[in-house]
Amino acid sequence: MRWALVIAGLALAVAAWLARAALTPLDHGIDRSAFHPAEEAARPVEEIVKPAPGVHLRPNIVVILADDLGWGDVGVQGGDAIHTPHIDALASEGIRLTAFYASAPICSPSRAGLLTGRYPLRSGIMTALQAADDTFVRRLTYRLGVVFAKLGAVDLAGGGNAVAGLPPSEITLAEALRVAGYRTMAVGKWHLGDFTGMPMYHPSRHGFDRFVGFNMSNDDWPVAFWRDQEEIVADIGLDQARYTALFTEEAVRFIEVSDERPFFLYLAHKDPHQPFFPSQDFAGRSAAGPYGDAVAELDWSVGEVVAALRRRGVERDTIVVVTSDNGPWFEGSPGGLRGRKGQSYEGGFRVPFVAWWPGRIAARGVSAEPAMNIDLFPTFLGLAGLALPGDRTIDGADLWPVLGGTAVGLPERPLYFFHDYDVEALRLGRWKYIDQNSHYVWPAPLDKPDTPGGRLLTGRDYRPPGSERSVPTLGTWPLLYDLERDPEEAYNVAESHPAQVRALGERLDAWRTGFRDNPRGWR
């Protein structure tokens, strides 16, 4: 009887400890109360974004965003399982950045970073946003996932997103470019707030004159297909093979509109995010299975967009960018880089990037300049003749000196890598510094020691009897990689570069502190 009571007491103590751990948010010191989008009075964009002095190019701007395309999936970067002739042609006629990063290793935050020029956590978005009308089972599964994430059993955002969609106080590329007279359109996947149940997150509320596409990812069923303000299909289900061509047709139609104003087209494809639904014309065409077929159809779409620009005779007045929202997920090639979608290693963040503008961007350009999709906002505003908003931190830098060939590189600056609420890593020049992360290898993949499970798994250091020194039996922190010599992040050189570790660690800590003090970046 006594042992039964002892066991029961221990079980209750463990349960209480687990419950306490599960209820402790993994927000890494970020004040969640800083994110109250419903209470924000968004000022008119015209009061914040102003024309810049001088003569400006004001090109048409086309951003073609793939979904989960790997760094190594493109032929021009060494991929040979999938033929991507149209993307390869753009690279041969333009410039390719080989060290270009998404601002997050997962879809919603990466898209927020691209459209705002700010690290996505400033918007309160750190993981995939949820559907407004998720089923009870899916909601329960997600909440259980959050609980287990706090325990370190699974790798999800321990506190969940701080917002349900892109806050109205954020200024998107579309909103800013409309100040300069641009007409704007978003085509494809949105995933910055499910406007089927929360209309304040519709793309039209974020500066887009036109929208044709999905509210969420193609696996967030029910996935709705919308045309402007009208829901055409409540749930596309598995009937997805026709949408890549449909999105392409809508993009081409927008380009062909006879209008003297410059335009901004944001074509955010569903491909090659799983599940894969290539159309009949592309099914079975590649040597890389349905994933490769989806990439081949994406490449075809790029070719159709460029052909439309040439037919209209505006190719010399248009900059086209092709990139991805993050690295590959279950399938796809990171091109020999370590890690995949969701990780702070290179394979999760580093993505293909090609920029094309005949007559303005020199052909066959290749640059190893570290850059990130947050750089597109200041780059395009500068080309459009707009000054950056002065009321907020813009984390990106103007890439035009690199793209246009007026400079070999930019002044050295750090790029920060977020994993949920935590800033895990930074890149500065050739160095990649990772403070702590989960190694994702046998036998303990979730070994980051900021959760009970992670501390339990990593608390097995070996200390011989009588020794004052202990050594880890699993991974070590911090991690330091020389990406010029070791792009695969195979060799941690922290011990041989202590000064570099100290300097980068201090820099990361200082940035974290400043970020926690003012996460929204208001000035």
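Notes on the structure in this doc start here. These numbers were taken from a predicted model, which means no experiment stands behind them.

**Here we look at the overall build of the protein**
Point 1. Along the protein, the regular secondary structure elements total 12 helices and 16 strands.
Point 2. Against the globule reference of 24 Å for 523 residues, the protein gives a C-alpha radius of gyration of 23 Å, in line with a compact fold.
Point 3. Principal-axis analysis of the C-alpha atoms gives the protein an extent of 85 × 50 × 50 Å.
Point 4. Counting only residues that meet the buried cut, the protein has 57% of its 523 residues in that class.
Point 5. If you take every contact in the protein between residues at least 6 apart in sequence, the share linking residues at least 24 apart comes to 72%.
Point 6. About 21,500 Å² of surface is accessible on the protein, with carbon and sulfur atoms providing 56% of the total.
Point 7. Each charge class in the protein was averaged separately, 52 positive and 65 negative side chains, and the resulting centres sit 3 Å apart.

**Section: the side chain of H202**
Point 1. Along the chain, H202 falls in the loop between β4 (183-189) and β5 (210-214).
Point 2. Given the relative accessible area of 4%, H202 is considered buried.
Point 3. For H202, the side chain forms a polar contact with the main-chain oxygen of D228, separated by 2.8 Å.
Point 4. Excluding anything up to four places from it in sequence, H202 contacts F195, F211, W226, D228 and Q229.

**What about the nonpolar core?**
Point 1. By size, the foremost hydrophobic cluster in this structure holds 90 residues, and its most contacted members are L97, L173, F264, Y266, F380 and L403.
Point 2. Counting residues per element, this core draws most heavily on helix α9 (residues 376-384), at 6 residues.
Point 3. Residues contacting L173, with those up to four places away along its chain left out, are L114, L115, F264, L376, F377, F380 and L381.
Point 4. Core analysis: the second largest hydrophobic core is formed by 40 residues, L90, V223, V295 and V354 among them.

**Some details on the sheet that holds strand β16 (residues 479-482)**
Backbone hydrogen bonds hold the strands of a sheet together, and the pairing may be parallel or antiparallel.
Point 1. One open sheet accounts for 4 strands, arranged β13-β14-β15-β16; its pairing is antiparallel. Each edge of the sheet is formed by a strand with only one pairing partner; in this case those strands are β13 (415-419) and β16. Put simply, the sheet's adjacent strands are angled 20° from each other on average, direction ignored.
Point 2. Across 5 bridges, the pairing between β13 and strand β14 (residues 422-428) is antiparallel. Residue pairing in the sheet places L415 in a bridge with R427 of β14.
Point 3. Across the sheet, helix α12 (residues 498-517) touches β13, β14, β15 (431-434) and β16, and the angle it forms with β14 is around 130°.

**Description of the sheet that holds strand β11 (residues 365-367)**
Point 1. What the 10 strands build is an open sheet, ordered β7-β6-β5-β4-β8-β1-β9-β10-β2-β11; its pairing is mixed. The sheet is open, and its two borders are formed by β7 (230-233) and β11, each paired with just one other strand. Each neighbouring strand pair of the sheet contributes to a mean axis angle of 15°, computed without reference to strand direction.

**Here's the deal with the pattern of salt bridges**
Point 1. Per the counting criterion, the structure on display carries 31 salt bridges.
Point 2. Where D259 meets R261, a salt bridge forms, and the shortest distance between an N and an O atom there is 2.9 Å.
Point 3. Note on R261: relative accessible area 40%, which makes it partly exposed.
Point 4. One network of salt bridges, with partners in common, ties together D422, E424, D435, K448, D450, D509 and R512.

**Describing the layout of surface pockets**
Point 1. Taken as a whole, the largest pocket holds about 1,000 Å³ of empty space.
Point 2. Around the largest pocket sit 39 residues that line it, and I106, T127, A128, L156 and W329 are the ones nearest its centre.
Point 3. Listed by contribution, the elements that provide at least two residues to the lining of the largest pocket are α3 (107-116), α4 (136-151) and β13.
Point 4. Broken down by element, the residue count for the lining of the largest pocket peaks at 4 residues, all from α4.
Point 5. A per-class count over the lining of the largest pocket returns 20 nonpolar, 11 polar and 8 charged.

**A word on α3**
Point 1. For α3, the buried fraction is high: 10 of the 10 residues fall into the buried class.
Point 2. All buried positions along α3 are accounted for by C107, S108, P109, S110, R111, A112, G113, L114, L115 and T116.
Point 3. Looking at the packing, one finds that the buried side of α3 touches β1 (60-66), α5 (173-179), β4, β8 (263-268) and α9.
Point 4. G117, located one to two residues past α3, shows a positive phi value of around 75°.

**Observations concerning a nonpolar patch on the surface**
Point 1. Side chains of F136, V137, L140, L144, F148, V154 and L156 sit close together on the surface and give an oily, nonpolar patch of about 650 Å² of accessible area.
Point 2. Note that V137 resides in helix α4.

The rules behind the values
- Every chain begins its residue count from 1, and numbering advances along the sequence as written.
- For a predicted model such as this one, the threshold for reporting local features is a pLDDT of at least 70, and the threshold for listing and counting side-chain atom pairs is 80 or more; totals across whole chains, interfaces and linings nevertheless cover every residue.
- Only hydrogens and water are set aside; all other atoms, that is, all heavy atoms of the structure, feed into the side-chain values.
- The secondary structure listing takes helices from DSSP runs of H or I that are at least 4 residues long and strands from runs of E that are at least 2 residues long, numbered from the N terminus.
- For the radius of gyration, the atoms used are the C-alpha atoms, and the globule rule reads 2.2 Å times the number of residues raised to 0.38.
- Each residue is placed in one exposure class: buried if its accessible area under a 1.4 Å probe, protein chains only, is under 20% of its type's maximum, exposed if it is over 50%, and partly exposed if it falls in between.
- We call two residues in contact when some of their heavy atoms are within 4.5 Å.
- Note that accessible areas follow from Shrake-Rupley with a 1.4 Å probe, and for residues the cover is restricted to the protein chains shown.
- For this count, His and the chain ends are skipped, Lys and Arg are scored as positive, and Asp and Glu as negative.
- In this description, the location of a charge corresponds to atom NZ of lysine, CZ of arginine, CG of aspartate or CD of glutamate.
- By the criterion applied in these results, polar contacts are pairs of N or O atoms within 3.5 Å in which, for protein atoms, one can donate a hydrogen and the other can accept it, and in which residues neighboring in sequence qualify only through two side-chain atoms.
- To define a nonpolar core, start from buried Ala, Val, Leu, Ile, Met, Phe, Trp, Tyr and Cys residues and group those joined through side-chain atoms within 4.5 Å.
- Two strands qualify as a pair provided that DSSP identifies no fewer than 2 bridges between them.
- The axes used here are C-alpha line fits, helices contributing only the stretch in contact, and every angle between their N-to-C directions lies in the interval 0 to 180 degrees.
- Any carboxyl oxygen of Asp or Glu within 4 Å of a side-chain nitrogen of Lys or Arg constitutes a salt bridge here.
- Buriedness for pockets is judged along seven lines, at least five of which must meet protein on both sides within 12 Å for an open set on the 1 Å grid over protein atoms alone, while cavities are sets there where a 1.4 Å probe fits but cannot get out, and lining residues have an atom within 4 Å of a point.
- Grid points are joined across faces, edges and corners, and a volume is the space filled by probe spheres set on the points.
- Here the term charged refers only to Asp, Glu, Lys and Arg, the term nonpolar to Ala, Val, Leu, Ile, Met, Phe, Trp, Tyr, Cys and Pro, and the term polar to all other amino acids, Gly among them.
- Within this analysis, patches are made of residues with over 30% relative accessible area and no salt bridge. Like charges are joined at 9 Å or less; nonpolar side chains (Val, Leu, Ile, Met, Phe, Trp, Tyr) at 5 Å or less.

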